[in-house]
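# Structural overview for review
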Amino acid sequence: MAASNSKKTSSGITIKTVYCTPTEHKDLPGEFPFTRGIQPDMYRGRLWTMRQYAGFSTAEESNKRYHYLLQQGTMGLSVAFDLPTQIGYDSDHDFADGEVGKVGVAIDSLQDMEILFDGIKLEDITTSMTINATAAILLAMYLALAKKQGADWAKISGTIQNDILKEYAARGTYIYPPKASMRLITDVFEFCSKEVPKWNTISISGYHIREAGSTAVQELAFTLANGKSYLQAAIDKGLAIDVFAKRLSFFFNCHNNFFEEIAKFRAARRMWAKITSDLGAKDPRAMQLRFHTQTGGSTLTAQQPMNNIVRVTNQAMAAVLGGTQSLHTNGYDEALALPSEAAAKIALRTQQIIAYESGVTDTVDPLAGSYFVEELTDTMEQEAWKYIEKIDTMGGSVQAIEEGYIQKEIADAAYVYQKEMEAGESILVGVNKFTQDKEPFESLFSVNDSIRIQQIQKLVQLHANRDNTKVSAILANLTIAANSNENLMPIIIEAVENLATLGEIADTLRAVFGEY
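### Some words on the packing of aromatic side chains
Overall, the coordinates contain 21 aromatic pairs when judged by the stated rule. A centroid spacing of 5.3 Å and a plane angle of 50° characterise the contact between Tyr-142 and Trp-199, whose relative ring orientation is tilted. With a gap of 57 residues between them, Tyr-142 in helix H4 (residues 135-148) and Trp-199 in strand S5 (residues 199-200) connect regions that are remote in the sequence. Summarising the aromatic geometry, the rings of Tyr-174 and Tyr-516 are spaced 5.5 Å apart at their centres and angled 75° between planes, so their arrangement reads as edge-to-face. Of the two residues, Tyr-174 is situated in the loop between helix H5 (165-171) and helix H6 (178-195) and Tyr-516 in the segment after helix H19 (502-513); the sequence distance between them amounts to 342 residues.

Rendered as structure tokens:
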């Protein structure tokens, strides 16, 4: 969308880009502390990235869905991995039984990654990968594939989630102890800052904190506290904050309370600007909080699932008015199954209608100046600082997680909400009010249980055709490197290029770091 100074309503009324001047308001969009947005013209200059999250079954099946989404107008890909991939097990491992390809795509080797992006040039798209404990391995596979395509790493852009602290606090797909995990994360920071400068090396996630039952204030506070810990870990490794902080991004949830969510996003930008500034950042781009938003998965209901279209629209609008840089909208059937093609298309069309038909993109931060929105932004910030200050006194997020403080706060909030739901104090349409007896629903998407057999057959062929002696030697070198202070990314890339599997690499690191 080209920037323009002549936007008009259907009645011919001229719309200004911003409804204030520097003399009227100190917080201009695009300027510190970025309360009103990180770009002066926001969506008048460029829309958010419409990035639909998808991945299931085999790499072949997920590849078909990616081509479908690209044909429908999605602007970037977002990869969901199955649970074995997330926790470092190949599809033939006993622990993978029953889980292969179920909640995401199964990726065991570079060969799977090649199939996943078949017909898609990595220089031409941005890719977000929701992966944490094995983030370094999946990024290595992605970069190895880019090299095979002849792509320039300096032109490759995208994001790995790579946020292990929220796994300990809320989600559970961790492998290694916190300090070893932080070492892997900072190795990725260091490597990408030199070799893949446009890559976002971490997406600090509040999404899963919220899905676990936190309040909006807790999501804001715990996410930024984790971000602060990552900043400090990188600084302690000797990295320059004005360099690596530009490649950090965030991943927030968007729930049903329209104005609270907007205020949360505005407060987050302001707070992150202060956190980075206090830690020594001077470059304004290093102080900008850039974030992806996903509509709230836990707000979707299996009862009357078509109601979820309205919920997702409400949440998506809040994310846009809050200034998101990237957005995924959930499918209406996701409380029942993986999203069908029909549901995925409606979810994408929801974003496109907001972008091109609603008019909310015509000016920057259109709710600014509202007493309610400004007061709510200020209050959410004040309440979030209280949590962060407490976590700081405990020694930071790692210590607060190890002591169980963050987990307990989330669990307590979830318990309070559940009690309110059961008492009818919080209304969920179709669940505890306006219910109906018969709710037929057809055409649910499902994953065939034969997927694991297909993946195991691929692994048998891979082991038979690769140079196993060379793979063993590289994994032995990885063991040595993991016992030293050497950056592990180059040797992980060498391992995947020689067809070492994800499980083999993860197990090598398990033998050194242990499991948590």
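### A few points about the sheet that holds strand S8 (residues 291-295)
Across the sheet, 9 strands lie side by side as S5-S4-S3-S2-S1-S9-S8-S7-S6; this open sheet has parallel pairing. Unpaired on one side and paired on the other, S5 and strand S6 (202-205) mark the two borders of the sheet. Alignment of strand S3 (residues 126-130) against strand S4 (residues 157-160), held across 4 bridges, turns out to be parallel. Each residue of the ladder has a partner; that of Thr-126, found in S4, is Ser-157. Each of strand S7 (248-254), S8 and strand S9 (326-328) touches helix H11 (residues 307-321); the most contacted strand, S8, lies at about 165° to it. Lying on the sheet, helix H12 (residues 341-357) is in contact with strand S1 (49-54) and S9; it crosses S1 at an angle near 170°.

### As for the side chain of Arg-51
By secondary structure assignment, the location of Arg-51 is in strand S1. One buried charged residue, Arg-51, remains without a salt bridge, the closest side chain of opposite sign being Asp-124 at 14 Å. Side-chain polar atoms of Arg-51 contact the backbone oxygen of Leu-77, separated by 3.2 Å. Not counting chain neighbours up to four residues away, the residues in contact with Arg-51 comprise Thr-74, Gly-76, Leu-77, Ser-78, Thr-126, Thr-127, Ser-128, His-292, Ser-326, Leu-327, His-328 and Gln-351.

### Regarding helix H8 (residues 216-236)
For H8, which comprises 21 residues, the first-to-last C-alpha distance of 30 Å matches the rise-based estimate of 30 Å (1.5 Å per residue) to within 8%. Buried residues dominate H8, accounting for 17 of its 21 residues. Once H8 finishes, Gly-238 follows within two positions and takes phi at roughly 95°, a positive value.

### Let's talk about the pattern of salt bridges
Overall, the coordinates contain 27 salt bridges when judged by the stated rule. Ionic pairing is found between Lys-148 and Glu-114, a salt bridge with its closest N-O pair at 3.2 Å. In this pair, Lys-148 sits in helix H4 while Glu-114 sits in helix H3 (residues 110-116), placing the two residues 34 residues apart along the sequence. The exposure class assigned to Glu-114 is partly exposed, which follows from its relative accessible area of 28%. Taking the shortest distance from any N to any O, the salt bridge between Asp-365 and Arg-266 comes out at 2.9 Å. Separated by 99 residues along the polypeptide, Asp-365 in the loop between H12 and helix H13 (371-394) and Arg-266 in helix H10 (residues 258-278) bring together distant segments of the chain. What makes Arg-266 buried here is its relative accessible area of 1%. Each of Arg-36, Arg-266, Asp-365 and Glu-374 takes part in a single network of salt bridges with overlapping partners.

### Considerations on the pairing of strand S2 (residues 76-80)
Most of S2 is tucked away, with 5 of its 5 residues classed as buried. Alternating residues of S2 divide into Gly-76, Ser-78 and Ala-80 and Leu-77 and Val-79, and every residue in both groups is buried. Strand direction decides the pairing type here: S1 and S2, joined by 4 bridges, are parallel. Opposite Tyr-53, over in S2, you have Ser-78 as the bridge partner. In the classification by handedness, the crossover that spans S1, the intervening helix H1 (residues 59-72) and the parallel S2 is right-handed. Direction of pairing for S2 relative to S3: parallel, over a ladder of 4 bridges. Considered in S3, the bridge of Ser-78 is made with Ser-128.

### Some words on the packing of H10 against H11
Their axes nearest at 8 Å, the elements H10 and H11 cross at an angle of 30°. In terms of axis orientation, H10 runs roughly parallel to H11. Between H10 and H11 lies a crossing of right-handed hand. Facing Phe-258, Glu-261, Ile-262 and Phe-265 of H10, the residues of H11 in contact are Asn-314, Met-317, Ala-318, Ala-319 and Leu-321. Partitioning the contact of H10 with H11 into residue classes produces 7 nonpolar, 1 polar and 1 charged.

### Describing the packing of H6 against H8
Packing of H6 against H8 leaves a shortest axis separation of 10 Å and a crossing angle of 70°. Classified by the angle their axes make, H6 and H8 are roughly perpendicular. Here H6 and H8 pass one another in a crossing that is right-handed. Taking contact as the criterion, the partners of Met-182, Ile-185, Thr-186 and Phe-189 in H6 are, on H8, Ser-229, Tyr-230, Ala-233 and Ala-234. Here the residues of the contact of H6 with H8 sort into 6 nonpolar, 2 polar and no charged.

### Looking at the pairing of S3
The element S3 is largely enclosed, with a buried count of 4 among its 5 residues. This β-α-β element, S3 to H4 to S4, shows right-handed connectivity.

### A few points about unusual backbone geometry
The amide bond that connects Phe-32 to the next residue, Pro-33, takes the cis arrangement and shows omega of 5°. For Pro-33, the location among the structural elements is in the segment before S1. A positive phi angle is found at Phe-34, which is not glycine, with a value near 70°. Here Phe-34 is to be found in the segment before S1. Phe-34 gets classed as buried once you look at its relative accessible area, which sits at 1%. Backbone geometry places Asp-365, a non-glycine residue, at a positive phi of 45°.

Calculation notes
Residues numbered from 1 in each chain as written. Predicted model: local features only at pLDDT ≥ 70, side-chain atom pairs only at ≥ 80, totals over all residues. Heavy atoms only, no water. Phe/Tyr/Trp six-rings, centres within 6.5 Å; stacked < 30°, edge-to-face > 60°. Helix = DSSP H or I, 4+ residues; strand = E, 2+ residues; numbered from the N terminus. Pairing = 2+ DSSP bridges. Contact = heavy atoms within 4.5 Å. Axes fitted to C-alpha atoms, helices over the stretch in contact; angles between N-to-C directions. Buried < 20%, exposed > 50% of the residue type's maximum accessible area, 1.4 Å probe, protein only. Lys, Arg positive; Asp, Glu negative; His and termini not counted. Salt bridge = Lys/Arg side-chain N within 4 Å of Asp/Glu carboxyl O. Polar contact = N/O pair within 3.5 Å; in protein donor to acceptor, adjacent residues only side chain to side chain. Expected span 1.5 Å × (residues − 1). Right-handed = clockwise from strand over helix to strand, strands pointing away. Parallel < 35°, antiparallel > 145°, perpendicular 65-115°, else oblique. Left-handed = near helix turned anticlockwise from the far one by under 90°. Nonpolar A, V, L, I, M, F, W, Y, C, P; charged D, E, K, R; others polar.

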